[in-house]
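Remarks on the overall topology
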Amino acid sequence: MRLRYFQLTGKRLEDIENNISFGQLAALRFASDEELEHLVQRTLAEKLSPAQIKESIKNWTPDLMRV
């Protein structure tokens with residue numbers, strides 16, 4: 001997720017990780033590339049729950065890197 005966020009935005013996810021819970025981060029992994037940065041910003045601003053994040057995703061991306 002850190003690499004993906006950096007590749008898409010040029011910003012480090014580590015800079016905001018302390019403000020996002022594991023559940024929120026887990027929910028964000030399903031967002032499409034086009035939606036990810038906006039959803040991260042909304043999550044920070046509105047304190048979205050994991051369920052709210054999932055409901056906000058319009059184009060789901062499967063998590064193919066899951067271990």
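Use the structure listed above.
Everything numeric in this text was worked out from a predicted model, so none of it was measured. All residue numbers refer to position in the chain's written sequence, counted from 1. Under the rules for a predicted model, residues below a pLDDT of 70 receive no local features and side-chain atom pairs below 80 are neither given nor counted, while totals for whole chains, interfaces and linings still include all residues. Excluding hydrogens and water, the side-chain figures rest on all heavy atoms present in the structure.

With that settled, the discussion passes to the overall build of the protein chain. Each helix is a run of H or I in the DSSP string that is no shorter than four residues. Each strand is a run of E no shorter than two, and both are numbered from the N terminus. Within the protein chain, the secondary structure is distributed over 4 helices and 0 strands. Counting helices and strands in the order they occur from the N terminus, the protein chain gives α-α-α-α. Values of the radius of gyration come from C-alpha atoms, whereas the globule rule sets the reference at 2.2 Å times the count of residues to the power 0.38. Against the 2.2 N^0.38 benchmark of 11 Å for 67 residues, the protein chain shows a C-alpha radius of gyration of 11 Å, consistent with a compact globule. For the C-alpha atoms alone, the extent of the protein chain along its principal axes is close to 25 × 25 × 25 Å. Out of the 67 residues belonging to the protein chain, those deemed buried represent 34%. For the protein chain, restricting intrachain contacts to residue pairs at least 6 apart in sequence, the fraction spanning at least 24 positions comes to 59%. Between buried and exposed lies partly exposed: a residue is buried under 20% and exposed over 50% of the maximum accessible area for its type, with that area taken using a 1.4 Å probe on protein chains only. Contacts: residue pairs with any heavy atoms within 4.5 Å of one another.

When a protein is soluble and globular, its nonpolar side chains tend to lie buried together. Grouping buried Ala, Val, Leu, Ile, Met, Phe, Trp, Tyr and Cys residues that are joined through side-chain atoms within 4.5 Å yields what is termed a nonpolar core. One finds Ile16, Leu28 and Val40 to be the most contacted residues of the largest nonpolar core, which totals 15 residues. Among the elements of the structure, helix H2 (22-28) and helix H3 (33-46) are those that each provide at least two residues to this core. Ranked by the residues each element gives to this core, the list is headed by H3, at 4 residues. If we skip the residues at most four places from it in the chain, Leu28 touches Met1, Arg4, Ile20, Leu36, Leu39, Val40, Thr43 and Ile53.

Think of a salt bridge as a Lys or Arg side-chain nitrogen and an Asp or Glu carboxyl oxygen that are within 4 Å of each other. Following the criterion strictly, the structure yields 5 salt bridges and no others. Two residues, Arg4 and Asp33, come together in a salt bridge whose shortest N-O distance is 3.1 Å. One end of the pair, Arg4, is in helix H1 (residues 2-9); the other, Asp33, is in helix H3, and 29 residues separate them in sequence. The buried category is assigned to Arg4, whose relative accessible area is 18%. You can call Asp33 partly exposed: its relative accessible area is 41%.

A helix is expected to span 1.5 Å multiplied by its residue count minus one. With 14 residues, H3 should cover 20 Å at 1.5 Å per step; its first-to-last C-alpha distance of 20 Å lies within 8% of that length. Among all positions of H3, only Glu35, Leu36, Leu39, Val40, Thr43 and Leu44 are buried.

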